[in-house]
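# Remarks on the overall topology
In case you want the letters, here they are:
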Amino acid sequence: MSDLGKTQSDYAVYLPAISSFYTKQLQKAVDNPTEWRVPEGFELGLEGLNFLDPDNSYFHYPYGLYSAGHAHLDTEKSDKEEAMVQGRDQSKTMILGDSGGFQIATGVLKMDWANAKDPNDPARLALCKKILEWEEHTADWAMTLDIPGFAAAPPYSAKTGLTSFQDTVDISVLNLDYFMQNRNPERCKFLNVLSGSDEYTSDQWYDAVKHFSDPAFVKEAYGDESKTLEGYAFAGINMRNMRCVLKRILKLREDGLLKDKGWIHFLGTGRLQWACHLTSIQRMLRKHDSPNITLSFDAASPFVNTAYGQTYAYNIFENKGKRFGYFMDRAFDNQRWKGSKQPVPFGHSPVMSRLTMGDLCCMEEGDLDRNGKAKEKTSTSWDTLSYLFYMGHSVFNHISAVQEANRLLDVEKYRMNWSHKDFINDKKSKATNDTSPYVPADVIAFDSFVQEVLDPACPNPHELIDQYDKLIQHINFGIYKVQSEDPDAPVNAFFEEETVVSEVFENEERDYHDIMMDPAMMENFFEE
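Residues numbered from 1 in each chain as written. Predicted model: local features only at pLDDT ≥ 70, side-chain atom pairs only at ≥ 80, totals over all residues. Heavy atoms only, no water.

Take the overall build of the protein next. The secondary structure content of the protein amounts to 18 helices and 14 strands. Here the protein holds 528 residues, and the buried ones make up 59% of them. For the protein, contacts bridging at least 24 residues in sequence account for 75% of all contacts bridging at least 6. Counting only carbon and sulfur atoms, one obtains 48% of the accessible surface of the protein, whose full area is about 21300 Å². (Helix = DSSP H or I, 4+ residues; strand = E, 2+ residues; numbered from the N terminus. Buried < 20%, exposed > 50% of the residue type's maximum accessible area, 1.4 Å probe, protein only. Contact = heavy atoms within 4.5 Å. Areas by Shrake-Rupley, 256 points an atom, 1.4 Å probe, with all protein chains shown as cover.)

Here you go:
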């Protein structure tokens, strides 16, 4: 068995955002073995697809993220139907619970928006109770229940009735208060969500919630210092704009709110460059602030891309070709392969190496699906298990890519005597800074930059961030506002344009709320 937990080293931790389709369909197959086919090469049966199992799986990885927005909030039902998550050995695995704030803002989980800002609103309190109980039952670490800022913006504002960013902050603080009053620190550790759409609103949010991470405040307000929130979740601009990331970390340090913290999670950050960046930051925080802190990030792409007929083909690290990470393309889907014993390509994964083409493409015209409907000539050759095979393979490939990217950085940063001080902002040629045949120059430059800017001995780290703004802009990704909503804010002087859009790479993630709302993350996106 390939144990990817043992090769994790001291890297920032990738958390597969596990689809409830994967967990629930896998459990159906395990509970009803006579109704599901088992490939000849699957010596452990279908149970071997449970990568959280350290003993009876085709590959093991001890980490994952699971969302309340997709799960059964009835914990008895969840124990039965989502046993991959609920029945795991907690001493050997770690699940981060997503509180489902995105699903609340989009209406999947219901909230009485007309009264949500009332501290005594029974509907909101009942939802907080249900989410808190699920998280403490399910997760080792979990996020507090925030209301994302987009809930006050079109088109969602039409449903929520929220009219300002401050509305989302106010409701999030009320939810925080409920969690602080009712949480049991011995059952689950919690992350204080830090959000915002730009530096100005990010500061607004931070100022409203930082006290819940302060032991002195918590002891005075709630009478129990142990209820202090143990870590942070970086959301909104804090998960994709490195300037905001670094400034937020520095502010946490200045406010004394990094000491003894155990976890910082970056929501929906799936790019491999950032896997390396977060490792660089984690090492500095462990050295200077909290020796046991872990940084993590999640992506749902192994599950979502499978739903759209794509698969992880192989990992590629070729800097001159601007390829750094995993390569995805069309999966194999052809009725002609039914019954074939031909080995499956991409046998580097412990899932694909056990399969034949007939295991993946198992249906043809005239075959009946589980609903008794006959397949047509143009129908997919896949059944439910085909999706699970591709998802398991893609999870393995994504984890492998993250770890390989970090291994390459640890070697290549010593190839030449080169650092962030040598980085040239050349808009005409992207090859100007190439020093490694494998790793992008900005990844190598950022590693050395972090060692300087996050060293407490750095005389003026904020000035250093401004000085290397061009390097940092190479690192940012996605579409977002970089200017402050405050027109007089000094930060505006550092940006030539109102928005910055990074290049689109093959492993670029969609907005986090789009990914988490994708049907592929739900239980029944595919009906045979």
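Quick look at the nonpolar core now. Note that soluble globular proteins tend to have their nonpolar side chains buried in a common cluster. Grouped together as the largest cluster of nonpolar side chains are 152 residues, with contacts concentrated most on I281 and F449. In terms of residue count, the dominant contributor to this core is helix α14 (residues 384–412) (14 residues). (Core = buried A, V, L, I, M, F, W, Y, C linked by side-chain atoms within 4.5 Å.)

The next subject is the environment of F297. With respect to the element layout, F297 can be found in strand β10 (residues 294–299). Since its relative accessible area comes to 1%, F297 is described here as buried. Counting along the chain gives 31 residues from F297 to F266, while the straight-line C-alpha distance between them is 4.7 Å. Excluding residues that lie within four positions of it along the chain, F297 makes contacts with A12, V13, Y14, L15, H265, F266, T269, A275, L278 and V402.

Here N406 is to be found in helix α14. Owing to a relative accessible area of 1%, N406 belongs among the buried residues under this scheme. A polar contact of 3.0 Å, which involves the side chain of N406, links it to the backbone oxygen of V402. In contact with N406, not counting residues within four places along its chain, are Y11, A275, C276 and T279. (Polar contact = N/O pair within 3.5 Å; in protein donor to acceptor, adjacent residues only side chain to side chain.)

Looking now at the pattern of salt bridges. All told, the structure shown has 23 salt bridges when counted by the stated rule. Salt-bridge contacts for K251 lead to D255; the nearest nitrogen and oxygen are separated by 3.6 Å. Linked by salt bridges that have partners in common, D10, R283, D410, K413 and D447 make up one network. (Salt bridge = Lys/Arg side-chain N within 4 Å of Asp/Glu carboxyl O.)

A few words on the packing of aromatic side chains. Counted according to the given criterion, the structure contains 25 aromatic pairs. Each ring, one from F21 and one from Y387, has its centre 6.4 Å from the other, and the planes form 80 degrees; the classification is edge-to-face. Separated by 366 residues along the polypeptide, F21 in helix α1 (residues 20–31) and Y387 in helix α14 bring together distant segments of the chain. Arranged with centres 5.5 Å apart and planes meeting at 40 degrees, the rings of W141 and W263 form a pair that is tilted. Here the residue W141 occupies a position in strand β6 (residues 141–143), and W263 occupies one in strand β9 (residues 263–266), the gap between them amounting to 122 residues. One aromatic cluster is present, formed by Y22, F51, F59, F303 and F396 through successive ring pairs. Looking at R248, its charged tip hangs above the ring of Y206, at a distance of 4.4 Å from the centre. (Phe/Tyr/Trp six-rings, centres within 6.5 Å; stacked < 30°, edge-to-face > 60°. Lys NZ or Arg CZ within 6 Å of the ring centre and 35° of its normal.)

Two quantities define a packed helix pair, namely the angle between the helix axes and the distance between the axes. Direction vectors running N to C along helix α11 (residues 272–288) and α14 enclose 60 degrees, while the axes themselves pass 9 Å from each other. Judged by the inter-axis angle, α11 sits oblique to α14. Relative to α14, α11 is oriented so that their crossing is right-handed. Contact with α11, carried on its side by L272, A275, C276, T279, S280 and R283, involves A401, V402, A405, N406, L409 and D410 of α14 and no other residues of that element. Residues belonging to the contact of α11 with α14 are distributed by class as follows: seven nonpolar, three polar and two charged. (Axes fitted to C-alpha atoms, helices over the stretch in contact; angles between N-to-C directions. Parallel < 35°, antiparallel > 145°, perpendicular 65-115°, else oblique. Left-handed = near helix turned anticlockwise from the far one by under 90°. Nonpolar A, V, L, I, M, F, W, Y, C, P; charged D, E, K, R; others polar.)

Now for α1. Between its first and last C-alpha, α1 extends 16 Å over twelve residues, near the 16 Å set by a 1.5 Å rise per residue. Summarising burial for α1: nine of the twelve residues are buried, a large majority. Taken together, the buried positions of α1 are occupied by S20, F21, Y22, T23, K24, Q25, L26, Q27 and A29. On the buried face of α1, the contacting elements are β4 (63–67), α2 (75–81), α3 (83–86), α12 (301–307) and α14. (Expected span 1.5 Å × (residues − 1).)

A separate point is the packing of helix α5 (residues 122–138) against helix α7 (residues 165–182). Running from N to C, α5 and α7 cross one another at 55 degrees; their axes reach a closest spacing of 10 Å. With respect to α7, the axis of α5 lies oblique. Read as a crossing pair, α5 and α7 show a hand that is right-handed. Packed against α5, whose contacting residues are R124, L125, C128, K129, I131, L132 and E135, the element α7 presents I171, L174, N175, Y178, F179 and N182 at the interface. Here the contact of α5 with α7 is composed, by residue class, of eight nonpolar, two polar and three charged.

Of the two faces of β9, the one holding W263 and H265 and the one holding I264 and F266 are both buried throughout. As paired elements, strand β8 (residues 231–234) and β9 share four bridges and run parallel to each other. Looking at β9, one finds that A233 is bridged to H265. Where the polypeptide runs from β8 across helix α10 (residues 242–254) and back to β9, its parallel neighbour, the crossover connection is right-handed. As paired strands, β9 and β10 are joined by four bridges and run parallel to one another. Each residue of the ladder has a partner; that of F266, found in β10, is F297. In this fold, β9 hands off to α11, which returns the chain to β10; that crossover is right-handed. (Pairing = 2+ DSSP bridges. Right-handed = clockwise from strand over helix to strand, strands pointing away.)

Turning our attention to α10. Here α10 spans 18 Å end to end across 13 residues, near enough to the 18 Å set by a 1.5 Å rise per residue. Within α10, eleven of the 13 residues are buried, which leaves the element mostly enclosed by the surrounding structure. Among the residues making up α10, those that are buried are M242, R243, C244, V245, L246, K247, R248, I249, L250, L252 and R253. Two to three positions downstream of the cap, the backbone nitrogen of R243 sits 3.0 Å from a side-chain oxygen, assigning the N-cap of α10 to N241. Two residues or fewer past α10, G256 is found with a positive phi of approximately 70 degrees.

The topology assignment puts K261 in the loop between α10 and β9. Buried charge without a salt bridge: K261, with E230 as the nearest opposite-charge side chain at an N-O distance of 7.1 Å. Polar contacts involving the side chain of K261 include one to the main-chain carbonyl oxygen of S213, which spans 2.9 Å. A distance of 2.7 Å separates a polar side-chain atom of K261 from the backbone oxygen of L229. (Lys, Arg positive; Asp, Glu negative; His and termini not counted.)

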